[in-house]
Amino acid sequence: MKQSRRNFLKFAGLSAAGLCLAPATAAMASGGGTSKEGHAVVNSNSLHAKRWAMVIDTRKLNTEEAIEALAETCHHIHNVPTIESDQNIKWMWTGSYGEVFPEQENNFPSEDQEKHKFPLLCNHCEFPSCVRVCPTKATFKRADGIVAMDYHRCIGCRYCMAACPYGSRSFNFMDPRTHLDMDKINTKFPTRMRGVVEKCNFCVERLAVGELPACAEKSGGSIVFGDLQDPDSNVRKALRENFTIRRKPTAGTEPGVYYII
Ligand code: SF4
Ligand code: SF4
Ligand code: SF4
(Lines give C-alpha, C1' and ligand atoms only; values in the text may rest on other atoms or scores of the structure.)
(Ligands and ions follow the chains in the order given, each with its own letter.)
Protein backbone atom coordinates (compact mmCIF):
# COMPACT_ATOMS: atom_id res chain seq x y z
CA MET A 1 0.00 0.00 0.00
CA LYS A 2 1.33 3.40 -0.91
CA GLN A 3 2.44 5.54 2.04
CA SER A 4 -0.05 8.36 1.35
CA ARG A 5 -2.99 5.93 1.25
CA ARG A 6 -1.85 4.26 4.48
CA ASN A 7 -1.67 7.66 6.18
CA PHE A 8 -5.11 8.56 4.88
CA LEU A 9 -6.62 5.35 6.25
CA LYS A 10 -4.93 5.86 9.60
CA PHE A 11 -6.44 9.36 9.83
CA ALA A 12 -9.83 8.12 8.64
CA GLY A 13 -9.80 5.56 11.45
CA LEU A 14 -9.17 8.22 14.06
CA SER A 15 -11.83 10.45 12.55
CA ALA A 16 -14.32 7.64 12.64
CA ALA A 17 -13.73 7.31 16.35
CA GLY A 18 -15.39 10.70 16.68
CA LEU A 19 -12.10 12.41 17.40
CA CYS A 20 -11.67 14.48 14.30
CA LEU A 21 -8.31 16.06 14.97
CA ALA A 22 -4.97 15.99 13.35
CA PRO A 23 -3.66 12.44 13.89
CA ALA A 24 -1.19 13.17 16.69
CA THR A 25 -3.65 15.34 18.58
CA ALA A 26 -6.41 12.81 18.05
CA ALA A 27 -4.29 10.08 19.53
CA MET A 28 -3.76 12.23 22.60
CA ALA A 29 -7.46 13.01 22.88
CA SER A 30 -8.39 9.37 22.51
CA GLY A 31 -6.29 8.67 25.54
CA GLY A 32 -3.21 7.41 23.87
CA GLY A 33 -0.08 8.94 22.62
CA THR A 34 1.86 8.13 19.55
CA SER A 35 4.56 5.52 19.35
CA LYS A 36 7.88 6.31 17.72
CA GLU A 37 6.41 4.90 14.51
CA GLY A 38 3.53 7.37 14.79
CA HIS A 39 0.84 4.78 15.56
CA ALA A 40 -1.93 5.64 18.03
CA VAL A 41 -1.50 3.98 21.43
CA VAL A 42 -4.62 2.98 23.34
CA ASN A 43 -4.89 4.41 26.86
CA SER A 44 -5.03 1.60 29.40
CA ASN A 45 -7.23 3.73 31.69
CA SER A 46 -10.02 4.12 29.14
CA LEU A 47 -13.50 3.23 30.34
CA HIS A 48 -15.46 0.53 28.52
CA ALA A 49 -19.03 -0.72 28.54
CA LYS A 50 -21.23 -3.00 26.53
CA ARG A 51 -23.87 -0.27 26.45
CA TRP A 52 -23.28 3.16 27.93
CA ALA A 53 -26.37 4.78 29.45
CA MET A 54 -27.29 7.69 31.69
CA VAL A 55 -29.79 8.09 34.52
CA ILE A 56 -30.74 11.65 35.51
CA ASP A 57 -32.32 12.22 38.90
CA THR A 58 -34.71 15.11 38.29
CA ARG A 59 -35.65 15.19 41.96
CA LYS A 60 -32.18 16.69 42.51
CA LEU A 61 -31.43 18.31 39.18
CA ASN A 62 -34.41 20.43 38.17
CA THR A 63 -33.54 24.13 38.01
CA GLU A 64 -32.56 26.21 35.01
CA GLU A 65 -29.45 27.45 36.85
CA ALA A 66 -28.16 24.01 37.80
CA ILE A 67 -28.70 22.57 34.34
CA GLU A 68 -27.24 25.65 32.65
CA ALA A 69 -24.09 25.26 34.77
CA LEU A 70 -23.65 21.71 33.45
CA ALA A 71 -24.41 22.81 29.90
CA GLU A 72 -21.84 25.57 30.19
CA THR A 73 -19.16 23.08 31.19
CA CYS A 74 -20.16 20.72 28.39
CA HIS A 75 -20.16 23.48 25.82
CA HIS A 76 -16.85 24.87 26.99
CA ILE A 77 -14.93 21.59 26.77
CA HIS A 78 -16.49 20.76 23.42
CA ASN A 79 -15.98 24.20 21.88
CA VAL A 80 -19.70 24.73 21.37
CA PRO A 81 -20.27 28.39 20.48
CA THR A 82 -22.87 30.61 22.09
CA ILE A 83 -25.05 32.13 19.40
CA GLU A 84 -27.99 34.15 20.68
CA SER A 85 -30.49 33.28 17.96
CA ASP A 86 -32.55 30.39 16.68
CA GLN A 87 -29.33 29.25 14.98
CA ASN A 88 -27.76 28.40 18.34
CA ILE A 89 -25.83 25.18 18.90
CA LYS A 90 -26.77 23.01 21.88
CA TRP A 91 -25.38 19.80 23.28
CA MET A 92 -27.25 20.11 26.58
CA TRP A 93 -30.24 22.37 27.18
CA THR A 94 -33.37 22.64 29.33
CA GLY A 95 -37.06 22.04 28.80
CA SER A 96 -40.30 21.97 30.76
CA TYR A 97 -42.01 18.67 31.58
CA GLY A 98 -44.47 19.10 28.71
CA GLU A 99 -41.67 19.79 26.23
CA VAL A 100 -39.56 16.86 27.39
CA PHE A 101 -42.27 14.26 27.96
CA PRO A 102 -45.18 15.33 25.73
CA GLU A 103 -46.58 11.80 25.67
CA GLN A 104 -46.53 11.43 29.44
CA GLU A 105 -48.27 14.66 30.36
CA ASN A 106 -51.72 14.83 31.92
CA ASN A 107 -54.17 17.70 32.22
CA PHE A 108 -53.44 18.44 35.86
CA PRO A 109 -49.69 18.38 36.49
CA SER A 110 -48.33 18.72 40.00
CA GLU A 111 -46.85 22.05 41.07
CA ASP A 112 -43.39 20.49 41.07
CA GLN A 113 -43.85 19.24 37.55
CA GLU A 114 -44.93 22.67 36.39
CA LYS A 115 -42.03 24.56 37.88
CA HIS A 116 -39.21 22.04 37.30
CA LYS A 117 -36.82 22.16 34.38
CA PHE A 118 -35.35 19.04 32.81
CA PRO A 119 -31.95 18.53 31.17
CA LEU A 120 -31.97 17.49 27.53
CA LEU A 121 -29.25 15.94 25.42
CA CYS A 122 -28.83 13.30 22.73
CA ASN A 123 -30.33 10.03 23.95
CA HIS A 124 -27.77 7.77 22.27
CA CYS A 125 -30.67 5.63 21.17
CA GLU A 126 -30.54 1.88 20.75
CA PHE A 127 -32.26 2.26 17.37
CA PRO A 128 -31.12 5.73 16.30
CA SER A 129 -33.14 7.11 13.40
CA CYS A 130 -30.37 9.64 12.76
CA VAL A 131 -27.95 6.83 11.91
CA ARG A 132 -30.43 5.14 9.62
CA VAL A 133 -30.89 8.20 7.40
CA CYS A 134 -27.32 9.48 7.25
CA PRO A 135 -26.15 8.99 3.66
CA THR A 136 -22.42 9.28 4.38
CA LYS A 137 -22.10 7.35 7.68
CA ALA A 138 -20.98 10.60 9.32
CA THR A 139 -23.30 9.55 12.13
CA PHE A 140 -22.76 6.04 13.35
CA LYS A 141 -23.42 3.87 16.37
CA ARG A 142 -20.44 2.43 18.18
CA ALA A 143 -20.41 -1.04 19.67
CA ASP A 144 -20.75 0.48 23.14
CA GLY A 145 -24.00 2.24 22.18
CA ILE A 146 -22.63 5.74 21.73
CA VAL A 147 -24.02 7.49 18.67
CA ALA A 148 -20.94 9.29 17.42
CA MET A 149 -20.12 11.62 14.57
CA ASP A 150 -17.31 12.03 12.10
CA TYR A 151 -17.58 15.72 11.31
CA HIS A 152 -15.35 15.35 8.25
CA ARG A 153 -17.87 13.08 6.60
CA CYS A 154 -20.88 15.32 7.30
CA ILE A 155 -22.20 16.96 4.13
CA GLY A 156 -24.79 19.04 5.98
CA CYS A 157 -27.84 17.45 4.38
CA ARG A 158 -29.65 17.60 7.76
CA TYR A 159 -31.56 14.37 7.20
CA CYS A 160 -30.47 13.38 10.72
CA MET A 161 -32.06 16.51 12.17
CA ALA A 162 -35.34 15.71 10.48
CA ALA A 163 -35.15 12.10 11.64
CA CYS A 164 -34.31 12.72 15.30
CA PRO A 165 -37.57 12.85 17.28
CA TYR A 166 -35.86 14.71 20.14
CA GLY A 167 -34.35 17.77 18.46
CA SER A 168 -30.96 16.69 19.72
CA ARG A 169 -28.96 17.93 16.78
CA SER A 170 -27.79 21.39 15.80
CA PHE A 171 -26.68 22.69 12.42
CA ASN A 172 -23.85 25.16 12.03
CA PHE A 173 -25.53 27.76 9.87
CA MET A 174 -22.45 29.94 10.24
CA ASP A 175 -18.80 29.36 11.05
CA PRO A 176 -18.89 28.46 14.77
CA ARG A 177 -15.32 29.64 15.19
CA THR A 178 -16.41 33.24 14.71
CA HIS A 179 -18.52 32.82 17.88
CA LEU A 180 -15.77 31.26 19.98
CA ASP A 181 -13.01 32.99 21.88
CA MET A 182 -10.23 31.18 20.05
CA ASP A 183 -7.77 32.03 22.84
CA LYS A 184 -9.89 30.04 25.29
CA ILE A 185 -10.95 27.00 23.29
CA ASN A 186 -10.17 23.48 24.39
CA THR A 187 -7.34 22.62 22.05
CA LYS A 188 -7.78 18.90 22.73
CA PHE A 189 -11.19 18.89 21.06
CA PRO A 190 -11.87 19.84 17.44
CA THR A 191 -13.77 22.93 16.42
CA ARG A 192 -16.31 22.40 13.69
CA MET A 193 -17.02 24.28 10.51
CA ARG A 194 -20.00 25.85 8.82
CA GLY A 195 -22.45 23.38 7.28
CA VAL A 196 -21.83 20.58 9.79
CA VAL A 197 -24.27 19.02 12.26
CA GLU A 198 -23.28 18.29 15.86
CA LYS A 199 -24.64 17.02 19.17
CA CYS A 200 -23.71 15.54 22.56
CA ASN A 201 -21.19 12.73 22.17
CA PHE A 202 -21.53 11.19 25.68
CA CYS A 203 -18.05 12.65 26.26
CA VAL A 204 -16.44 9.90 24.25
CA GLU A 205 -13.09 11.68 24.39
CA ARG A 206 -13.19 11.67 28.20
CA LEU A 207 -14.16 8.00 28.42
CA ALA A 208 -11.14 7.27 26.26
CA VAL A 209 -8.86 8.63 28.98
CA GLY A 210 -10.70 7.15 31.93
CA GLU A 211 -12.94 10.09 32.81
CA LEU A 212 -16.71 10.17 33.18
CA PRO A 213 -18.81 12.57 31.11
CA ALA A 214 -18.30 16.10 32.34
CA CYS A 215 -21.99 16.65 33.17
CA ALA A 216 -22.10 13.49 35.27
CA GLU A 217 -18.87 14.39 37.04
CA LYS A 218 -20.07 17.90 37.85
CA SER A 219 -23.63 16.93 38.80
CA GLY A 220 -22.88 15.94 42.40
CA GLY A 221 -24.54 12.55 41.93
CA SER A 222 -27.64 13.76 40.07
CA ILE A 223 -26.43 12.16 36.85
CA VAL A 224 -25.29 8.55 36.90
CA PHE A 225 -23.40 7.09 33.96
CA GLY A 226 -22.54 3.44 33.44
CA ASP A 227 -23.04 0.14 31.68
CA LEU A 228 -26.67 -0.78 31.05
CA GLN A 229 -25.68 -4.37 30.30
CA ASP A 230 -23.94 -4.87 33.64
CA PRO A 231 -26.49 -5.83 36.34
CA ASP A 232 -24.09 -4.57 39.03
CA SER A 233 -23.49 -1.16 37.44
CA ASN A 234 -24.56 2.11 39.03
CA VAL A 235 -27.09 2.79 36.26
CA ARG A 236 -28.73 -0.59 36.75
CA LYS A 237 -28.85 0.05 40.50
CA ALA A 238 -30.48 3.45 39.89
CA LEU A 239 -33.00 1.89 37.51
CA ARG A 240 -33.74 -0.94 39.95
CA GLU A 241 -34.38 1.38 42.86
CA ASN A 242 -36.29 4.20 41.19
CA PHE A 243 -39.19 4.86 38.88
CA THR A 244 -37.82 6.13 35.58
CA ILE A 245 -39.19 7.24 32.24
CA ARG A 246 -37.64 7.94 28.88
CA ARG A 247 -38.54 10.51 26.22
CA LYS A 248 -41.13 9.77 23.53
CA PRO A 249 -41.44 6.00 23.92
CA THR A 250 -43.66 5.74 20.84
CA ALA A 251 -40.79 6.91 18.63
CA GLY A 252 -39.36 3.42 19.11
CA THR A 253 -35.74 4.54 19.31
CA GLU A 254 -35.11 3.14 22.83
CA PRO A 255 -33.26 6.10 24.39
CA GLY A 256 -30.18 5.44 26.49
CA VAL A 257 -31.03 8.36 28.80
CA TYR A 258 -33.44 7.65 31.67
CA TYR A 259 -35.10 10.17 33.97
CA ILE A 260 -35.94 9.54 37.61
CA ILE A 261 -39.12 11.54 38.13
S1 SF4 B 1 -31.54 11.34 20.31
FE2 SF4 B 1 -31.71 11.81 18.13
S3 SF4 B 1 -29.61 12.31 17.54
FE4 SF4 B 1 -29.48 11.22 19.47
S5 SF4 B 1 -29.21 9.05 18.88
FE6 SF4 B 1 -31.42 9.37 19.21
S7 SF4 B 1 -32.20 9.82 17.17
FE8 SF4 B 1 -29.97 10.13 17.09
S1 SF4 C 1 -26.22 16.30 8.14
FE2 SF4 C 1 -24.31 15.13 8.29
S3 SF4 C 1 -24.62 13.68 9.97
FE4 SF4 C 1 -26.64 14.47 9.37
S5 SF4 C 1 -27.45 13.00 7.90
FE6 SF4 C 1 -26.42 14.58 6.70
S7 SF4 C 1 -24.32 13.84 6.48
FE8 SF4 C 1 -25.25 12.62 8.09
S1 SF4 D 1 -22.47 13.56 28.20
FE2 SF4 D 1 -20.78 14.99 27.76
S3 SF4 D 1 -21.29 15.74 25.73
FE4 SF4 D 1 -23.18 14.89 26.54
S5 SF4 D 1 -24.22 16.58 27.57
FE6 SF4 D 1 -22.98 15.54 29.11
S7 SF4 D 1 -21.06 16.73 29.13
FE8 SF4 D 1 -22.12 17.20 27.22
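The following refers to the structure shown.

### Details of unusual backbone geometry
Then comes step 1: Despite not being glycine, His 124 shows a phi value in the positive range, around 45°.
Then comes step 2: Mapped onto the elements, His 124 comes out in the loop between strand E3 (118–120) and helix H6 (129–133).
Then comes step 3: His 124 gets classed as buried once you look at its relative accessible area, which sits at 0%.
Then comes step 4: A positive phi is found at Cys 203, a non-glycine position, where the angle reads about 50°.

### Quick word on the site of ligand 3
Then comes step 1: Around ligand 3 sit 13 residues in total, of which Cys 74, His 78, Cys 200, Cys 203 and Cys 215 are the nearest.
Then comes step 2: Taken together, the residues that form the shell around ligand 3 break down as 11 nonpolar, 2 polar and no charged.

### Notes on the environment of Val 197
Then comes step 1: For Val 197, the position within the fold is in strand E7 (residues 197–198).
Then comes step 2: Since its relative accessible area comes to 0%, Val 197 is described here as buried.
Then comes step 3: Separated by 39 residues in the primary sequence, Val 197 and Arg 158 have C-alpha atoms spaced 7.2 Å apart.
Then comes step 4: Not counting chain neighbours up to four residues away, the residues in contact with Val 197 comprise Met 149, Tyr 151, Cys 154, Arg 158, Cys 160, Met 161, Arg 169, Ser 170 and Phe 171.

### Quick look at the site of ligand 1
Then comes step 1: Among the 14 residues in the neighbourhood of ligand 1, the closest are listed as Cys 122, Cys 125, Cys 130, Cys 164 and Arg 169.
Then comes step 2: Counted by class, the shell around ligand 1 contains 8 nonpolar, 4 polar and 2 charged residues.

### Here we look at the environment of Met 193
Then comes step 1: Relative to the assigned elements, Met 193 resides in the loop between strand E6 (170–171) and E7.
Then comes step 2: Judged by its relative accessible area of 48%, Met 193 falls in the partly exposed class.
Then comes step 3: Residues Met 193 and Arg 177, 16 residues apart in the sequence, show an inter-C-alpha distance of 7.3 Å.
Then comes step 4: What Met 193 contacts, discounting residues up to four positions off in sequence, is Asn 172, Pro 176 and Arg 177.

### Section: the pattern of salt bridges
Then comes step 1: On inspection of all chains with the given rule, the structure shows 12 salt bridges.
Then comes step 2: Between Glu 126 and Lys 141 there is a salt bridge, and its shortest N-O distance comes to 3.5 Å. In this pair, Glu 126 is assigned in the loop between E3 and H6 and Lys 141 in strand E4 (residues 139–141), connecting sequence segments 15 residues apart.
Then comes step 3: On the basis of relative accessibility, which here comes to 29%, the residue Glu 126 falls in the partly exposed class.
Then comes step 4: Among the ionic pairs, Glu 254 bridges to Arg 246, the shortest N-O distance being 2.8 Å.
Then comes step 5: Since its relative accessible area comes to 35%, Glu 254 is described here as partly exposed.
Then comes step 6: If you follow the salt bridges from partner to partner, you end up with Arg 51, Glu 126 and Lys 141 in one network.

Quick notes on the rules
- Residues numbered from 1 in each chain as written.
- Chains lettered and ligands numbered in written order.
- Predicted model: local features only at pLDDT ≥ 70, side-chain atom pairs only at ≥ 80, totals over all residues.
- Heavy atoms only, no water.
- Helix = DSSP H or I, 4+ residues; strand = E, 2+ residues; numbered from the N terminus.
- Buried < 20%, exposed > 50% of the residue type's maximum accessible area, 1.4 Å probe, protein only.
- Near = heavy atom within 4 Å.
- Nonpolar A, V, L, I, M, F, W, Y, C, P; charged D, E, K, R; others polar.
- Contact = heavy atoms within 4.5 Å.
- Salt bridge = Lys/Arg side-chain N within 4 Å of Asp/Glu carboxyl O.

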